[in-house]
Amino acid sequence: MIRPMLPAIGLCTCLTALSYADLDQDIRARFAIASAHPILQLEPLGPDTRQVAERMVRYVRDGCDRAFVAEDAKAVAIQVGTVDKLGADPPGLLTAWDKYRMLVTDKGRVAYNVSQETYIGRNLWESSVPLMPLMLLDRYRTLCANGVPSIWELSRMPQRSLLLAIVDDRQRGPHPNQTRRIMMRDEIGNISVVGVRADWYLLEVQMKGRPSYLEVHGRTLETRRPDSKTVRAAQACRAERRTELNQIRRLHPEYDFVPLSRARWMGRTYFIAYFQPKMAPRPPAAYVWDGERLTPTDPWAIVATSINGRYGWLLNRDTGQSWLISH
């Protein structure tokens, strides 16, 4: 992953009175944590916020492959069909059960969060296509790209079009968000963010099994082709991810190792995964891969990290308590 040297950003505690003790020094040392502050303990903010926090913890406890930490460490989110997002600094409910959509017509494009739909116009759901959150640019803004359409939406999804949007949860009005449409050579598959340099984020776009790379600006949606050095670094990262899974499977040939979530933190890869023997599948558990061996870390798990690599979401799977961590 391409990571610049970024200035340290101070993290504020989410509560004025903590309802549980701070992290033990042994845990801080084990996970290379410089600072840690509780998150998702939001009872003073009301039952709606607490319900969303409990739902988020329930999903990440056993593995959620789309969990997010904002680049400015001011929000965390999950996507399980819909998106839940909670502010971490200051604490607060940002979205619940939301989806991101884009209306694509001959007249142009309109991207929106479903909570903004009434401000844009009626019946957009029947004529729009899904967007998938890629990352949280900050507390409010989410970078999105082509989502996976249902069978009813396939005919509306533009072919060979990379759809990009920055959806700002605060925006209202007829055209609240930025959009970009880029024609590609082939039909588009999976899209992910694999690196960052300043405000430029490197996208890996799968097309017929082959990755293509594109940099997008996190404020303007301007795009550019990355230089060869950047592409080589991204390809090396991709090869490393593939290699580590192959190495784990070689070490444990009697099991089918199935990762449910994966986060890179301080040069190590943290998993929530399960080993699935033919006769007796094991329940999910937390592990870390250090390049040579897979070691259990239960009940502790790093379930998500920011793309810039500075911030993470640490979870105690037994208690459900969560910390926003930095190094």
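Residues numbered from 1 in each chain as written. Predicted model: local features only at pLDDT ≥ 70, side-chain atom pairs only at ≥ 80, totals over all residues. Heavy atoms only, no water.

### Overview of the pairing of strand 5 (residues 91–98)
The side chains of a regular strand alternate between both faces of the sheet.
Move 1: Pairing geometry for strand 4 (residues 82–88) and strand 5, over five bridges, is antiparallel. Bridge pairing in strand 5 links Lys 85 to Thr 95. (Pairing = 2+ DSSP bridges. Helix = DSSP H or I, 4+ residues; strand = E, 2+ residues; numbered from the N terminus.)

### Considerations on the sheet that holds strand 16 (residues 257–265)
Move 1: Taken in spatial order, the four strands make up an open sheet running 16-17-18-19, and their pairing is antiparallel. Strands at the two margins of the open sheet, each flanked by one partner only, are strand 16 and strand 19 (294–296). Each strand axis lies, on average, 30° off the axis of its neighbour in the sheet, ignoring direction.
Move 2: Pairing of strand 18 (residues 285–289) with strand 19 involves three bridges; the strand directions are antiparallel. By the bridge assignment for strand 19, Tyr 287 is matched with Pro 296.
Move 3: The strands that helix 4 (residues 228–251) touches are strand 16, strand 17 (268–275), strand 18 and strand 19; relative to strand 16, the one it contacts most, it runs at about 135°. (Axes fitted to C-alpha atoms, helices over the stretch in contact; angles between N-to-C directions. Contact = heavy atoms within 4.5 Å.)

### Observations regarding the pairing of strand 6 (residues 100–105)
Move 1: Bridge count for strand 6 against strand 7 (residues 108–113) is six bridges, and the pairing is antiparallel. By the bridge assignment for strand 7, Leu 103 is matched with Val 110.
Move 2: Between the end of strand 6 and the start of strand 7, which pair antiparallel, lie two residues.
Move 3: Judged from the three bridges that link them, strand 6 and strand 8 (residues 129–136) form a sheet pairing that is antiparallel. Following the sheet pairing, Met 102 is matched in strand 8 by Val 129.

### Side note on the side chain of Asp 186
Move 1: Assignment of secondary structure puts Asp 186 in the loop between strand 11 (178–183) and strand 12 (191–197).
Move 2: Asp 186 sits in the buried class, given a relative accessible area of 11%.
Move 3: Reaching out from Asp 186, the side chain makes a polar contact with the side chain of Arg 210 at a distance of 3.3 Å.
Move 4: In contact with Asp 186, other than residues within four places in its own chain, are Arg 160, Met 207, Lys 208 and Arg 210. (Buried < 20%, exposed > 50% of the residue type's maximum accessible area, 1.4 Å probe, protein only. Polar contact = N/O pair within 3.5 Å; in protein donor to acceptor, adjacent residues only side chain to side chain.)

### Thoughts on the confidence of the model for the chain
Move 1: For the chain, per-residue confidence averages 87 on the pLDDT scale, and 90% of positions sit at 70 or higher.
Move 2: Every residue in residues 1–19 scores below 50 in pLDDT, and together they form 42 contacts with partners more than four places removed in sequence or on other chains. (pLDDT = per-residue confidence, 0-100.)

### So, the packing of aromatic side chains
Move 1: Evaluated as defined, the whole model comprises six aromatic pairs.
Move 2: Their ring planes at 35° and their centres at 5.6 Å tell us that Phe 31 and Tyr 270 sit as a pair that is tilted. Here the residue Phe 31 occupies a position in the loop between helix 1 (25–30) and strand 1 (35–39), and Tyr 270 occupies one in strand 17, the gap between them amounting to 239 residues.
Move 3: Judged by centre distance (5.3 Å) and plane angle (55°), the rings of Tyr 255 and Phe 275 are tilted. Of this pair, Tyr 255 sits in the loop between helix 4 and strand 16 while Phe 275 is found in strand 17, placing the two residues 20 residues apart along the sequence.
Move 4: Residue Tyr 255 is classed as partly exposed on the basis of its relative accessible area, which comes to 22%.
Move 5: Members of the aromatic cluster, joined through ring pairs, are Tyr 255, Phe 257, Phe 271, Phe 275 and Tyr 287.
Move 6: Across from the ring centre of Trp 97, 3.7 Å away, lies the NZ or CZ of Arg 55, which sits over that ring.
Move 7: Above the face of the Tyr 59 ring, Arg 58 is positioned so that its terminal group lies 5.8 Å from the ring centre. (Phe/Tyr/Trp six-rings, centres within 6.5 Å; stacked < 30°, edge-to-face > 60°. Lys NZ or Arg CZ within 6 Å of the ring centre and 35° of its normal.)

### As for the nonpolar core
Move 1: Membership of the largest hydrophobic core comes to 25 residues, with the highest contact counts inside it found for Leu 40, Met 56, Val 60, Val 76 and Trp 313.
Move 2: For this core, the secondary-structure elements that each account for two or more residues are helix 2 (47–61), strand 2 (67–69), strand 3 (75–80), strand 4, strand 20 (300–305) and strand 21 (311–316).
Move 3: A total of five residues in this core trace back to one element, the largest contributor, which is helix 2.
Move 4: If near-sequence neighbours (up to four positions away) are discounted, Val 76 is found in contact with Ile 39, Leu 40, Met 56, Phe 68, Val 69, Asp 84, Lys 85, Leu 86, Leu 136, Trp 313 and Leu 324.
Move 5: Formed by 22 residues, the second largest nonpolar core is a distinct cluster that contains Leu 134, Ile 166, Ile 182 and Val 216. (Core = buried A, V, L, I, M, F, W, Y, C linked by side-chain atoms within 4.5 Å.)

### Some thoughts on a nonpolar patch on the surface
Move 1: A cluster of nonpolar side chains, namely Ile 151, Trp 152 and Leu 154, defines an oily patch on the protein surface of about 420 Å² accessible area.
Move 2: Inspection of the secondary structure puts Ile 151 in the loop between strand 9 (141–146) and strand 10 (161–168). (Patch = residues over 30% accessible without salt bridge, like charges linked within 9 Å, V, L, I, M, F, W, Y side chains within 5 Å. Areas by Shrake-Rupley, 256 points an atom, 1.4 Å probe, with all protein chains shown as cover. Salt bridge = Lys/Arg side-chain N within 4 Å of Asp/Glu carboxyl O.)

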